[in-house]
Amino acid sequence: MSQRQESNDSIPCKLCGQIKPLVNSHIIPEWCYKPLYDEKHRFVLMPLNQQSQNQFEQQGFREPLLCMDCDGRIGVWEKYVSEVFSGGVPITIAKEQNMIVLTDIDYPKYKLFLLSLLWRAGISTLPYFDSVNLGPHAEYLRLRLLAADPGKSWEYGCVPAILLTTKLKERTLNQLIMPPDRGYYWGYQGYRFVLGGVLWLFIVAKHSFSHPKKHLFAREDGTILFGLVDADEAAFMNSMARTIRLGKMQKAGL
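Note that the coordinates shown come from a computational prediction; the quantities given were computed from them, not determined experimentally. (Residues numbered from 1 in each chain as written. Predicted model: local features only at pLDDT ≥ 70, side-chain atom pairs only at ≥ 80, totals over all residues. Heavy atoms only, no water.)

Overview of the side chain of K111
Quick note on the threshold: Helix and strand definitions here come from DSSP, where helices need a minimum of 4 consecutive H or I residues and strands a minimum of 2 consecutive E residues; each element is numbered from the N-terminal end. Residue exposure (1.4 Å probe, protein chains only): buried if accessible area is under 20% of the type maximum, exposed if over 50%, otherwise partly exposed. Here Asp and Glu are counted as negative and Lys and Arg as positive; His is not counted, and neither are the chain ends. Note on definitions: salt bridges are taken to be side-chain nitrogens of Lys or Arg within 4 Å of carboxyl oxygens of Asp or Glu.
Inspection of the secondary structure assignment puts K111 in helix α3 (residues 107-123). Here K111 is buried and forms no salt bridge, its nearest opposite-charge partner E155 lying at an N-O distance of 6.0 Å.

As structure tokens, this is what we get:
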């Protein structure tokens, strides 16, 4: 047994706190990476800054955080949401004005998946997630996940929007994963994730009952509203494109 494995076996699981052998847990679900893989099962990791070079990766971001039992618990929520996106579970989908409305969603599983994603990014030691600093919220979320308690709709809400584009063959940007970043959204602190073709705005607040966009949070009756965002016009997407272009020019000595 390697020294690395021995040290992992003596570290408590970040979720249950018990000392058990740890597994390499995904921070971002594996199904989010599938559209990115090439014929060699690799994807290009977007650099964190202009000085970094593109890197090929063969698996998503993983690190030893959870025991097998806790990893499996989160895996159930991940699997459910992947099936929501792939059509593997019976739900109802409709379009209303500039919204995609999903009904018949299993609210606990869906909300717990969102909370687990935010929490894992917050406790990760990987540089890709350095911007996510949850402070005391990390422990509160851990207890929620351990108890499988999704909480109310307005607790740690998330505003999702599908990213659309007319410049690529695929209408949705499901082949893009961006490092999460911190910001203030409608007066509340939160984090922006881009994965699975969706822009996810997490509001980090126990009580956001008065949040102006709370009607876009996942509802306890199983309704989810996805906004539609034109990625070709989104300011943060244009900024990202400029950063990538500038980095390429600098590497080329232009």
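What follows picks up the thread again.
Points about the packing of helix α2 (residues 68-86) against α3
Rules: Note on geometry: axes are lines fitted to C-alpha atoms, helical ones only across the stretch in contact, with angles between N-to-C directions running from 0 to 180 degrees. Crossings are assigned a handedness: left-handed for a near helix turned anticlockwise from the far helix by less than a right angle, right-handed for a clockwise turn. Note on definitions: a residue-residue contact is assigned when non-hydrogen atoms from the two residues lie within 4.5 Å.
Two numbers describe how α2 lies on α3: the axes approach to 8 Å, and their chain directions differ by 115°. Between α2 and α3 the crossing geometry is left-handed. Where α2 abuts α3, its residues I74, W77, E78, Y80 and V81 lie against K109, Y110, L112, F113, S116 and R120.

Re unusual backbone geometry
For D104, which is not glycine, the phi dihedral falls at a positive 70°. Tracing the chain through its elements places D104 in the loop between β6 (99-103) and α3. Even without glycine at this site, Y156 takes up a positive phi of about 50°. Note that Y156 resides in the loop between α4 (137-146) and β7 (158-164). Overall, the relative accessible area of 2% leaves Y156 in the buried class.

Things to note about the pattern of salt bridges
Counted by the stated rule, this structure contains seven salt bridges. Of the charged contacts in the structure, one is a salt bridge between E78 and R120, with a shortest N-O distance of 2.6 Å. Separated by 42 residues along the polypeptide, E78 in helix α2 and R120 in helix α3 bring together distant segments of the chain. Both residues of the pair, E78 and R120, belong to the buried class. The shortest N-O distance in the salt bridge between E139 and R142 comes to 2.9 Å. With E139 and R142 both in helix α4 and three residues apart, the pair spans about one turn of that helix. Here R142 falls in the buried class, since its relative accessible area comes to 16%. By sharing partners, the salt bridges in this structure join R144, D149 and E155 into a single network.

A short note on the packing of α3 against α4
The criterion, for reference: Under the convention adopted here, Pro, Cys and the residues Ala, Val, Leu, Ile, Met, Phe, Trp and Tyr are nonpolar, Asp, Glu, Lys and Arg are charged, and Gly plus all remaining residues are polar.
Two elements in contact, α3 and α4, have axes whose closest approach is 10 Å; the angle formed by their N-to-C orientations is 140°. Along this stretch, α3 crosses α4, giving a crossing that reads as left-handed. Every residue of α4 that contacts α3 at L112, L115, S116, L118 and W119 is listed here: A138, L141, R142, R144 and L145. Per-class residue counts for the contact of α3 with α4 are seven nonpolar, one polar and two charged.

Overview of the sheet that holds β7
Quick reminder of the rule: Note on pairing: DSSP must find at least two bridges between two strands before they are called paired.
The strand order β5-β6-β11-β7-β10-β9-β8 describes an open sheet built from seven strands, whose pairing is mixed. Each edge of the open sheet carries a strand with a single partner, namely β5 (92-96) and β8 (178-185). For this sheet, the mean angle separating the axes of adjacent strands, direction not counted, is 25°.

A look at α2
Applied cut-off: One less than the residue count of a helix, multiplied by 1.5 Å, gives the span that helix is expected to have.
A rise of 1.5 Å per residue sets the reference length of α2, with its 19 residues, at 27 Å; its end C-alpha atoms lie 26 Å apart and thus fit the reference within 8%. Listing the buried residues of α2 in full gives C70, I74, W77, E78, Y80, V81, S82 and V84. The inward-facing, buried residues of α2 abut β4 (62-67), β6, α3 and α4. Downstream of α2 by one or two residues, G87 has phi in the positive range, about 85°.

Quick look at the pairing of strand β9 (residues 188-195)
Taken across its eight residues, β9 has seven buried, putting it largely inside the fold. As paired strands, β8 and β9 are joined by six bridges and run antiparallel to one another. Along β9, the bridge assignment pairs M178 with V194. Taken together, β8 and the strand that follows it, β9, pair antiparallel across an intervening segment of two residues, in which W186 is found at a positive phi of about 55°. Direction of pairing for β9 relative to strand β10 (residues 198-203): antiparallel, over a ladder of six bridges. Bridging from a neighbouring strand, F193 pairs with W200 of β10. In this structure, the hairpin formed by β9 and β10 is closed by a connection of two residues, where G196 is found at a positive phi of approximately 65°.

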